[in-house]
Structure formats: C-alpha cells, structure tokens
Amino acid sequence: MNLIDGKKIASEILDSLSVRVEKFHRKIGLAFLLVGDNAASLAYVRMKKKACAQVGLHSIVQEFAADTNQDVLLRSIDALNEDAQIDGILVQLPLPSHLDTLAVTRSIIPEKDVDGFHPINLGKVLLGEEGGFPPCTPRGVQLLLEKTVPIEGKHVVIVGRSNIVGKPLAALLVQKKRGANATVTIAHSQSEHLAEITKSADVLVAAIGQPRFIRKEMVRPGCAVIDVGINRIQDANGQPRLVGDVDFEAVAPIASWITPVPGGVGPMTIAMLLQNTVDGAMRRG
Ligand code: GUN
C-alpha cells in the first residue's frame, strides 16, 4: 500500500503560489462569508485563512448571525462583487436551512466564484472549457490522481452525487483530456448492488459523508482509494476523532494507493481554492 500524501502535495502547490503572488503587481484579496456558528465551518474558514496568510493573500472574514435574512447576505455579496480589491468570494457551506443555497452561490459573479459553484463555472467544467474555476475538491482529487495513479481508460467509481464533489468530479475525469479520459460511474445511497459496482473500480472515490461507509468487502485488492469524507466521530474512549468515508484500517492493506484522513484530500481543497483565487486575480489583472 502506498499512502497519497495530500498534505505534502498541497504544500508544494502553496509554495509555488507564493512565488506568483509575490511577483504580482498588487494585493490579491479573498473574502469569506460565514453564516451561523457551525463548528466545522468555523474550523474550515480558519484553516483557509491561515493558508491565505501563508501564500501572501489578503483575506477578510464577514460573519453573519444564524438567523440572517437572505437579502442582507445578498447585499453583502453584491458589495464584494463590486469591490476591486476582492478577487474571490466564498460562502462557507452548509448554510442555515432558511437560506437558499443555490440563490446565494448564484449571486457571486462567476469571475469571483473561486469555489466553482456558480452554474456558469460548473457548465464550463461539464463542457471541458478552460477559463472558469473548477470546484476545489474535485480538482484537488484529479491532481492527486495525476501525481500518483494513471486513470486514462481506467474505471473510476465515485460514490456520492453531490453538486460540489460527485457530479463535477465525474465531469472532470471523463473529459477527453490528459489526466482524465476515465470510464466513470457515479453510484450513491440508492444504488442497487453497490458492493458489486465498487468492486469493479480501478479507482474508488468515496464522497458520501458517512463515517467508514466503504468497508473492505467493497474494495477489490489493488484498487486505488480516494477518501473525500471528513467526519467527526467519538472514538471508543469518547474522544473526538476525524475519520473518512473509508474504513481506513481495514481497506489500506489491500489498496494500491490510499489517501489518509486528515492529510489527504482536505489540504488539496484548500490549495485549489488559493490557486483559483490567484488565477482569477491574474485574469482580472
Ligand atoms: N463546505 C464543504 N466544502 C466546501 C467548499 O469546498 N466550499 C465551501 N464554500 N463550503 C464547503
């Protein structure tokens, strides 16, 4: 078994980004909008902000109460859309249930949508068009695979069909391009004969959001396994612990390659966010 060291690959990307940032003629700005006090969201924004500081990006955080009215949020996004010092805008998800996530993500202008959630950017991913922003986690997964496991002509099975991971990842990996060209299957919680499908994978991507959902019986020996899940559980001693969507201890010995949690896909998501922001700033000039 070979471990895919996402932390190291992400750190190399951050190093090369800081060189680009330093040479650029002006400051590059990224705005985070955080609604409510979801502990995981707070932790993610803190990590992203720290990475910004590391590469020399200027970041701001706007915090909103959990009961914030949608118009208030949309007005703040509008102001950031117009702000010449802001190159990227990110609304941390999930939003409280009274807010319309699609309407909010759509209100960010595509040129500043560094998360790649706007229909225009997702459309470009589907069409294989350059010049947009690929969503960060799918692009991070693709890059991890480019550096470790050739996927051209191989069967990639993605378990999970979310708009931010499963669906766009399938669109990226199926393109007629280098680093893609895979045969892609999307399976999900309603799929019949799920273990048969996952066992037919050369590369298995778990993006379901359920701790240790992928058991050893679902994985063919020699398969490469990418774990997108980040789940907070309590271990046997009642201590909090992060685990992925894959039963790592059982699956790692039979996998050819596997990403750990933490230290696999997570750091790549952050690196891709900063890469999108730097790319966007350079396009805007
Ligand atoms: N929540 C979970 N993943 C993400 C992400 O990549 N971006 C944002 N904005 N929210 C998320």
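Before going into details, it helps to say that this report is about the structure given with it. Just so it is clear, the model here is predicted, and its values are computed rather than measured.

All right, on to helix α3 (residues 70-82) then. With 13 residues, α3 extends 19 Å from end C-alpha to end C-alpha; this agrees with the ideal 18 Å at 1.5 Å per step. Contacts from the buried residues of α3 go to β2 (29-35), β3 (58-64), β4 (88-91) and α4 (101-107).

The next point concerns the packing of helix α6 (residues 136-146) against helix α7 (residues 166-174). At a minimum axis distance of 9 Å, the contact between α6 and α7 shows a crossing angle of 40°. By the criterion of interaxial angle, the relationship of α6 to α7 is oblique. Considering the relative orientation of α6 and α7, their crossing is right-handed. Contacts between α6 and α7 involve Pro138, Arg139, Val141, Gln142 and Leu145 from the former and Pro168, Leu169, Leu172 and Leu173 from the latter. For the contact of α6 with α7, the class distribution of residues is seven nonpolar, one polar and one charged.

Pairing between the strands of a sheet comes from backbone hydrogen bonds, and it takes one of two forms, parallel or antiparallel. Here we have six strands laid out as an open sheet, ordered β1-β11-β8-β7-β5-β6, and parallel in their pairing. What marks the edges here is a single partner per strand, and that holds for β1 (2-3) and β6 (183-187). Bridging between strand β8 (residues 224-227) and strand β11 (residues 257-258) involves two bridges; their strand directions are parallel. Across the sheet, Val225 pairs through a bridge with Ile258, a residue of β11.

About the cut-offs
Along every chain, residues carry numbers that run from 1 in the direction the sequence is written. The predicted origin of the model limits local features to residues at a pLDDT of at least 70 and limits the giving and counting of side-chain atom pairs to 80 or more, whereas totals for whole chains, interfaces and linings rest on all residues. Note that the side-chain values use all heavy atoms of the structure and ignore hydrogens as well as water. Numbered from the N terminus, helices here are DSSP runs of H or I no shorter than four residues, and strands are runs of E no shorter than two. Helix span is expected to be 1.5 Å times the residue number reduced by one. Throughout, a contact is declared for two residues whenever any of their heavy atoms are within 4.5 Å. Lines fitted to C-alpha atoms define the axes, with helix axes restricted to the stretch in contact, and inter-axis angles between N-to-C directions lie between 0 and 180 degrees. Convention used here: angles under 35 degrees read as roughly parallel, angles over 145 as roughly antiparallel, angles from 65 to 115 as roughly perpendicular, and any remaining angle as oblique. Helix crossings fall into two classes, left-handed where the near helix is turned counterclockwise from the far one by less than a right angle and right-handed where it is turned clockwise. Residues were grouped as follows: Ala, Val, Leu, Ile, Met, Phe, Trp, Tyr, Cys and Pro as nonpolar; Asp, Glu, Lys and Arg as charged; and all remaining residues, including Gly, as polar. Strands were regarded as paired on the criterion that DSSP finds at least two bridges between them.

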